[in-house]
Amino acid sequence: MKQFSRLADWRIYRASLHLPLGFVPTMGALHSGHLSLLQRSVAENAHTVASVYVNPTQFNKAKDLNSYPRTLEQDLIMLEDAGVNAVLLPSYQELYPDDFRFQVTETELSKRFCGAHRPGHFTGVLSVVLKLLNLVAPDRAY
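The written sequence of each chain sets the order in which its residues are numbered from 1. Where totals are concerned, whole chains, interfaces and linings use all residues; where local detail is concerned, this predicted model gives features only for residues with pLDDT of at least 70, and gives and counts side-chain atom pairs only at 80 or more. Hydrogens are left out, water is left out, and the side-chain values use all remaining heavy atoms of the structure.

**A word on the packing of helix H2 (residues 32–44) against helix H4 (residues 72–82)**
Then comes step 1: Angular values range over 0 to 180 degrees, each being the angle between N-to-C directions of two axes fitted as lines to C-alpha atoms, with helices fitted over their stretch in contact. Only runs of H or I of at least four residues qualify as helices and only runs of E of at least two qualify as strands under DSSP, and these elements are numbered from the N terminus. One way to put it is that H2 packs onto H4 with a least axis distance of 9 Å and a crossing angle of 35 degrees. In this structure, H2 crosses over H4, and the sense of that crossing is right-handed. For the pair formed by H2 and H4, the contact residues are Leu-35, Leu-38 and Val-42 on the first element and Met-78, Leu-79 and Ala-82 on the second.
Then comes step 2: Broken down by class, the residue content of the contact of H2 with H4 amounts to six nonpolar, no polar and no charged. The crossing is said to be left-handed when, going from far helix to near helix, the turn is anticlockwise and less than a right angle, and right-handed when the turn is clockwise. A contact between two residues is defined here by any heavy atoms of the two lying within 4.5 Å. Each residue receives one of three labels: charged for Asp, Glu, Lys and Arg, nonpolar for Ala, Val, Leu, Ile, Met, Phe, Trp, Tyr, Cys and Pro, and polar for the others, Gly being one of them.

Quick look at the structure:
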């Protein structure tokens, strides 16, 4: 399984792929739900890529971000065992070279349910998912 921390390296690799590509974005701490998505992607695509990125822009409190489980070694073993071909492991600086100056904001649904108590959460989620989808350019996302 190939690992990419630098997005420039990923872009070169991605340009060489002419296959149906499945993508499973994660924040790591993989569990059976992730594995079912990975297995489906592997079954439905010639190539599967996952990302492991704990996105600080979706956490309202530093305490919550700091306590999020980080199990990268175990995650990488699980990804490889699932048949994933490549994994993106970008840093904050790689994903947000603008320091999160540009954001994607949703103005209705993000104010309901848990979004009512977590201002900015969905802006962080939407922004990182859009960045990852643009970087990976998958045929299918899971």
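Further notes follow.
**Considering the pairing of strand E2 (residues 21–26)**
Then comes step 1: The buried fraction of E2 is high, at five of six residues.
Then comes step 2: For two strands to count as paired, DSSP must find a minimum of two bridges between them. Inspection of the sheet shows E2 paired to strand E3 (residues 47–52) by six bridges, in the parallel sense. Pairing of Phe-23 across the sheet is with Val-49, part of E3.
Then comes step 3: By convention, orient the strands away from the viewer: a clockwise path from the first strand over the helix to the second makes the crossover right-handed. Between the parallel pair E2 and E3, the chain is carried across by H2, and the sense of this crossover is right-handed.
Then comes step 4: Pairing of E2 with strand E5 (residues 140–141), which is carried by two bridges, proceeds in the parallel orientation. By the bridge assignment, Phe-23 is partnered in E5 with Ala-141. For each residue, the accessible area found with a 1.4 Å probe, counting protein chains only, is set against the maximum for its type, and the residue is called buried under 20%, exposed over 50%, and partly exposed in between.

**A closer look at the nonpolar core**
Then comes step 1: What we call a nonpolar core is a set of buried Ala, Val, Leu, Ile, Met, Phe, Trp, Tyr and Cys residues that are connected through their side-chain atoms within 4.5 Å. Trp-10, Val-49, Leu-95 and Val-136 are the most contacted members of the largest nonpolar core, which has 18 residues in total.
Then comes step 2: Counting residues per element, the ones that place at least two in this core are helix H1 (7–15), E2, strand E4 (86–88) and helix H6 (121–136).
Then comes step 3: Ranked by residue count, the leading element in this core is H6, at four residues.
Then comes step 4: When residues no more than four places from it in sequence are discounted, the contact partners of Val-136 are Trp-10, Arg-14, Leu-21, Phe-23, Val-49 and Leu-88.
Then comes step 5: In this structure, Val-24, Ala-82, Val-84 and Val-87 belong to the second largest nonpolar core, which totals 13 residues.

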